[in-house]
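Single-letter residue listing:
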Amino acid sequence: FAVLAPGSLISADALNAKFKDFVRRRVPADQLATADYHLEAKPMPGQQAVMMTTMALGPRAGAITLPGVILFLGALVLAIACVNYANLAAAQSLRRTKDVGTRKVLGARRSQVIVQFLFEAMIVTVVAAVLVLGALAMLLPALHARLGLDFHLADARLWLSLAALIVIVNVAAGAYPAFILSRVNPIDALRAGPARARRGPISTLLTGVQFLAASFFLISVLVMNAQNDELAKAARLSGPDPLLVIENSADEANIGMETLRAELARQPGVRSVAAVRPLPWSSGGGRSGFSTLPLSASAQSGSRQVLSLLFNISDNFFETMDIKLVAGRGFDRHRGEDQAPSSSAPLTALRQVSVIVDEGFVRLMGLRQPQDAVGRIYYSQGSDGGPTGTFRIIGVAEAKPLSLMALGMSSQVYVMSPSASHAIVRVSQKDVAGARAGIKAVWDRLVPNVPLKLRLLNERFDTARNSNVIEAMFQILVVCSFAVAAMGLFAMAVHAARRRLHEIGVRKILGASSWGVVWMLLRDFSIPVVIANVLAWPLAYLAMRSYLNLYVHRIELGFAPFLSALVLTVAISWLAISWQAYRAARVNPSAVLRYE
């Protein structure tokens, strides 16, 4: 917050103009390679003398962003709804052909018929928009609590956008059935016998788009659920005793970490105390690039480069967290080479530093066994274009993710450093409440003016996972859009059954059984479903690859979700059409062929 002097000529625009070059001059190049930084000055509401400077961090162009996800999924939801309306209106057109024929006989022009049906679609769209706005007004508190998003219904831009959206949706949904019905020939519409609908390419295309979107959403939901299950399993630390995290930073509280650890270790019920920075499951954190050759020679053939999450820890961190070492040894506080200098980026020191890497780092470096990494020398990459330090791997830890999203990074590096400023306490499960009371008493005695922030480590994981706005919005929109798609299946079943009544009557006269007709309809209806699924697979694969790259620990994107989506989509389509197929199969041939 910056308080401007009275009469100051500095404005938000002037500050923002200076911020354009600030990021380029002050942010390291390796960080600019992985994220976009944006600084903006805004006047505080009601206090023009106070300016607020905010810095927003987002993934680089081409990665998943929240506005992009919302716009993409919102467009798909609207597209599905428009397809459903067009299919349902086309299915109902058989009942309105006589109405249109009568109007044309009485002098109605084709343009008037088109306007009539577009107006009917407009009424449906406006009513839907009113219902959505009412539901949104009631759900605003829940949406804010779940997603942290604010919706301002009084914004004039919202109403202008909504009006434009209503017009676009009305044209997209109502144009196809309006133009079809406006082309009805009065002679064909008013002749004796039921009207027959011909199968056109547009109707088949709409059906394919419907199932393509449904398959895409199903694959997305299956992959996201599998990723959540894998994260829960990987993040579950073994051992019956719970872990508590002091979210207050020792540096900010002006207290020595060694003093805090020693005092906490003496409390009843406390089994061990370790230190870490950044906190597990934090939204941000340290990161550093590593290569097999110095940066000046990293472009040579055979050089490997890895961007990893960097954690500053204490010597007993792995024992406290119950993370096993699969190769090498752990940190020893009595060895000078194991102790990194006190710095927010300890690996930029000129001397060699001992580090422990996880199994993901070993895999990315192309090593076969964890033991192969022990003793190897690697180089950390700085922002000035030259080597800034070397490190020697002394051990390899099992892959236990301590962060959810890290822009494609899937490895973790640990360094023993006094920069670790957050305490992690493992307490006895027999008296968790007593241990918490003891921790609070120590904190209040050492730092009486700073409120203690103490949480279970599992609570931090649940909060981090639930606060993932992209995932939450994706899940909500996927559920809504798939519900809309499921409702559209019935409309397509009605359309298909009515279109083939004449054919079914002929088949039954020639000896076809009712169950044979049912199987024929189900089989024919499954063909566009299968084709749509196959077309949806590459789109879903690319989207889910981008989504999974956001996570440090992620699943392998195999064939199972794609095959499951195909089976589920075909099963749902069969359920939607089975009743209509059965009704069509029971049709009396004389009822549909009596005018032949």
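This text goes with the structure placed above it.
Note that the structure is predicted; figures quoted are calculated from it, not measured. (Residues numbered from 1 in each chain as written. Predicted model: local features only at pLDDT ≥ 70, side-chain atom pairs only at ≥ 80, totals over all residues. Heavy atoms only, no water.)

### Considerations on the overall build of the chain
From N to C terminus, the chain includes 17 helices and 14 strands. Expressed as a percentage of its 596 residues, the buried residues of the chain come to 44%. Expressed as a percentage of contacts within the chain between residues at least 6 apart in sequence, the contacts between residues at least 24 apart total 79%. Approximately 30600 Å² of the chain is accessible, and the part contributed by carbon and sulfur atoms is 61%. (Helix = DSSP H or I, 4+ residues; strand = E, 2+ residues; numbered from the N terminus. Buried < 20%, exposed > 50% of the residue type's maximum accessible area, 1.4 Å probe, protein only. Contact = heavy atoms within 4.5 Å. Areas by Shrake-Rupley, 256 points an atom, 1.4 Å probe, with all protein chains shown as cover.)

### Concerning the side chain of H422
You can see H422 is positioned in strand 13 (residues 422-427). Under the relative-accessibility criterion, H422 is labelled buried at 11%. For H422, the contacting residues outside a window of four places in its chain are I246, E247, N248, S249, M257, A274, A275, V276 and L279.

### Looking at the pattern of salt bridges
Under the definition given, this model contains 13 salt bridges. Here R335 makes a salt bridge to D332, at a shortest N to O gap of 3.9 Å. Residue class for D332 comes out partly exposed when judged on its relative accessible area of 28%. Taken together, the shared-partner salt bridges connect E247, R455, E459 and R460 into one network. (Salt bridge = Lys/Arg side-chain N within 4 Å of Asp/Glu carboxyl O.)

### Focus on the packing of aromatic side chains
Two aromatic rings are characterised by how far apart their centres lie and by the angle between their planes. According to the stated counting rule, one finds 10 aromatic pairs in the structure shown. Ring centres 5.4 Å apart and planes at 80° place the aromatic pair W537 and F559 in the edge-to-face group. Here the residue W537 occupies a position in helix 15 (residues 514-548), and F559 occupies one in the loop between helix 15 and helix 16 (560-585), the gap between them amounting to 22 residues. Among the aromatic residues, those joined into a cluster by ring pairs are F311, F317, F318 and Y414. (Phe/Tyr/Trp six-rings, centres within 6.5 Å; stacked < 30°, edge-to-face > 60°.)

### Some details on the environment of N533
With respect to the element layout, N533 can be found in helix 15. Exposure remark for N533: the relative accessible area of 0% places this residue in the buried category. Placed 37 residues apart in sequence, N533 and V570 show a C-alpha to C-alpha distance of 9.4 Å. Excluding residues within four positions of it along the chain, N533 makes contact with S215, A565, L566 and T569. Within the structure, N533 has its side chain in polar contact with the backbone oxygen of V529 (distance 2.8 Å). (Polar contact = N/O pair within 3.5 Å; in protein donor to acceptor, adjacent residues only side chain to side chain.)

### Quick notes on the pairing of strand 9 (residues 352-358)
Burial within strand 9 is extensive, with six of its seven residues counted as buried. Here two bridges tie strand 9 to strand 12 (residues 412-416), and the two strands are oriented antiparallel to one another. Looking at strand 12, one finds that V357 is bridged to V413. (Pairing = 2+ DSSP bridges.)

### What about the nonpolar core?
Among the nonpolar cores identified, the biggest contains 61 residues, and I313, F317, F318, M321, F331 and Y414 are the most heavily contacted of them. In terms of residues, this core owes the most to one element, helix 15, which gives 13 residues. (Core = buried A, V, L, I, M, F, W, Y, C linked by side-chain atoms within 4.5 Å.)

### Notes on the side chain of S411
Relative to the elements of secondary structure, S411 occurs in the loop between strand 11 (387-397) and strand 12. Classification of S411 by relative accessible area gives buried; the value is 0%. Looking at S411, its side chain comes within polar contact range of the side chain of S308, at 2.4 Å.

### Quick word on unusual backbone geometry
Peptide bonds are mostly trans, and most non-glycine residues show a negative phi. Between R277 and P278 the backbone carries a cis peptide bond, its omega angle lying at 0°. Note on placement: P278 falls in the loop between strand 5 (270-277) and strand 6 (286-291). Even without glycine at this site, N254 takes up a positive phi of about 60°. Summarising the element assignment, N254 is placed in the loop between strand 4 (243-246) and helix 8 (257-265). Of note, the phi angle at D322 is positive, near 60°, even though the residue is not glycine. Looking at where D322 falls in the secondary structure, it is placed in the loop between helix 9 (317-321) and strand 8 (325-328).

### Some words on the packing of helix 14 (residues 501-509) against helix 15
Contact geometry of helix 14 with helix 15 gives a least axis separation of 10 Å together with a crossing angle of 140°. When the axis of helix 14 is compared with that of helix 15, the two are oblique. Between helix 14 and helix 15 lies a crossing whose hand is right-handed. Residues E503, I504, R507 and K508 of helix 14 form the contact with helix 15, whose own contacting residues are S514, V517, M520 and L521. Of the residues contributing to the contact of helix 14 with helix 15, the split by class is four nonpolar, one polar and three charged. (Axes fitted to C-alpha atoms, helices over the stretch in contact; angles between N-to-C directions. Parallel < 35°, antiparallel > 145°, perpendicular 65-115°, else oblique. Left-handed = near helix turned anticlockwise from the far one by under 90°. Nonpolar A, V, L, I, M, F, W, Y, C, P; charged D, E, K, R; others polar.)

### What about the environment of A532?
Relative to the helices and strands, A532 is located in helix 15. Measuring from C-alpha to C-alpha, the distance between A532 and A214 comes to 9.1 Å, with 318 residues separating the pair along the chain. Leaving out residues up to four positions away in the same chain, A532 has contacts with G208, F211 and L212.

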